[in-house]
Amino acid sequence: MSFEKSLIDYLQQIPDPRHPNGRRHPLWLVLLLIIMGLMSGYYGYRGLGTFVERHRRVLRQMFLIRGATVPSYSTIRRVLMEIDYQALCDVFNAWASQIDKEVSRQWVALDGKSLRNTVSDSARAEQNFVSMVSAFSHNRGLVLGVQVMENKHESEIVVVENLLSLLDLQNVVFTVDALHCQKKQSPPLLTVAMTT
């Protein structure tokens, strides 16, 4: 599988929300280390900080990080709290669009997961938070695309339909939550396998 542009090239397109003073590490590097940590099974701010610290020597050599420091737990936390998740989704989908979409006769799972660090109005019954809806190819072990949604303002049904349109996959069996099996809302010609 070859890519015209690397994931780093795309991550460099995301605007950095941090104040220019005190930025020790570029945003693309912090985001890449977060992705690497998550893929290695490290979760949460402290877990990702542990991943970076544990592998700091190799990471400094691999990414030519200047100085003795690597992004800390607090830097990771600040980036995850301030990042524009829509911009992150857009660059991920642009990068993932380079993947050969020939996934005929395969299973693709669609599901949304809430991002805990985005919760607002936590003391109220009607909290708002950002969720990421992703399409994962079981056979290839790849995320084919993602969409971001706000809990209060969007329906996961509509977001999944938009993601399916974006991916434009043919001859694929999709697995989705029962929520998406509403007759009125189901996209045409969509084969759905319910999951619990």
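To start, this report covers the structure provided alongside it. (Residues numbered from 1 in each chain as written. Predicted model: local features only at pLDDT ≥ 70, side-chain atom pairs only at ≥ 80, totals over all residues. Heavy atoms only, no water.)

**Topic: the overall build of the protein chain**
And then number 1: Scanning the protein chain from N- to C-terminus turns up seven helices and five strands.
And then number 2: Helices (α) and strands (β) of the protein chain occur, in sequence order from the N terminus, as α-α-α-α-α-α-β-β-β-α-β-β.
And then number 3: Counting across all 196 residues of the protein chain, residues that qualify as buried make up 39%.
And then number 4: Looking at the protein chain alone, contacts between residues at least 24 apart form 57% of all its contacts between residues at least 6 apart.
And then number 5: Counting every atom, the protein chain has about 12,000 Å² of accessible surface; 51% of that belongs to carbon and sulfur. (Helix = DSSP H or I, 4+ residues; strand = E, 2+ residues; numbered from the N terminus. Buried < 20%, exposed > 50% of the residue type's maximum accessible area, 1.4 Å probe, protein only. Contact = heavy atoms within 4.5 Å. Areas by Shrake-Rupley, 256 points an atom, 1.4 Å probe, with all protein chains shown as cover.)

**A look at the packing of aromatic side chains**
And then number 1: Going through the model one piece at a time under the given rule, you end up with three aromatic pairs.
And then number 2: Seen from their ring centres, Trp 28 and Phe 63 are 6.4 Å apart, and the 75° between their planes marks the pair as edge-to-face. Of this pair, Trp 28 sits in helix α2 (residues 27-39) while Phe 63 sits in the loop between α4 (56-62) and α5 (73-82), and the two are 35 residues apart along the sequence.
And then number 3: Between Tyr 42 and Phe 51, the aromatic rings sit 5.3 Å apart at their centres with planes inclined by 55°, giving tilted as the arrangement.
And then number 4: Of note, Arg 46 hangs over the ring of Tyr 73, and the distance from its end group to the ring centre comes to 4.1 Å. (Phe/Tyr/Trp six-rings, centres within 6.5 Å; stacked < 30°, edge-to-face > 60°. Lys NZ or Arg CZ within 6 Å of the ring centre and 35° of its normal.)

**Section: helix α7 (residues 156-167)**
It helps to recall that an α-helix has 3.6 residues per turn; residues three or four apart then point in one direction.
And then number 1: Its 12 residues place the ends of α7 16 Å apart at the C-alpha level, agreeing with the 16 Å of an ideal helix rising 1.5 Å per residue.
And then number 2: The complete set of buried residues in α7 reads Glu 156, Ile 157, Val 159, Val 160, Leu 163, Leu 164 and Leu 167. Summarising the axial view, the buried residues of α7 lie within an arc of 165°, below the 170-degree limit, and thus occupy one face.
And then number 3: In this structure, the buried side of α7 is in contact with β1 (106-114), β2 (130-137), β3 (142-150) and β4 (172-177).
And then number 4: With a side-chain oxygen positioned 3.2 Å from the backbone nitrogen of Ile 157, the residue opening α7 is Ser 155.
And then number 5: Residue Asp 168 follows α7 closely and has a positive phi angle near 50°. (Expected span 1.5 Å × (residues − 1). Arc of directions from axis to C-beta. Polar contact = N/O pair within 3.5 Å; in protein donor to acceptor, adjacent residues only side chain to side chain.)

**Side note on the nonpolar core**
The tendency in soluble globular proteins is for nonpolar side chains to be buried side by side.
And then number 1: Judged by nonpolar contacts, the single largest core of 52 residues is most densely connected at Leu 11, Ile 14, Leu 31, Phe 63 and Leu 110.
And then number 2: Among the elements that line this core, the one with the most residues is α2, at eight residues.
And then number 3: Here Phe 63 is in contact with Ile 8, Trp 28, Leu 29, Leu 32, Leu 33 and Met 36, once residues within four sequence places are set aside. (Core = buried A, V, L, I, M, F, W, Y, C linked by side-chain atoms within 4.5 Å.)

**Observations regarding the pairing of β3**
And then number 1: Burial within β3 is extensive, with seven of its nine residues counted as buried.
And then number 2: Linking β2 to β3, which pair antiparallel, is a turn of four residues; within it Gly 141 sits at a positive phi near 65°. (Pairing = 2+ DSSP bridges.)

**Thoughts on the pattern of salt bridges**
And then number 1: Per the stated rule, a full pass over the model turns up four salt bridges.
And then number 2: For Arg 23, the salt bridge is made with Asp 16, and the minimal N-O distance between the two is 3.6 Å.
And then number 3: Look at Arg 23 and you get partly exposed, because its relative accessible area is 36%.
And then number 4: With a relative accessible area of 22%, Asp 16 lands in the partly exposed category.
And then number 5: Three or more residues joined by partner-sharing salt bridges are found here, namely Asp 16, Arg 18 and Arg 23. (Salt bridge = Lys/Arg side-chain N within 4 Å of Asp/Glu carboxyl O.)

**Quick look at the packing of α2 against α5**
And then number 1: Relative orientation of the contacting elements α2 and α5 amounts to 100°, with a least axis distance of 10 Å. By the angle between their directions, the pair α2 and α5 is classed as roughly perpendicular. For the pair α2 and α5, the contacting residues are Leu 27, Val 30, Leu 31 and Ile 34 in the first and Thr 75, Ile 76, Val 79 and Leu 80 in the second.
And then number 2: Its residues placed into classes, the contact of α2 with α5 shows seven nonpolar, one polar and no charged. (Axes fitted to C-alpha atoms, helices over the stretch in contact; angles between N-to-C directions. Parallel < 35°, antiparallel > 145°, perpendicular 65-115°, else oblique. Nonpolar A, V, L, I, M, F, W, Y, C, P; charged D, E, K, R; others polar.)

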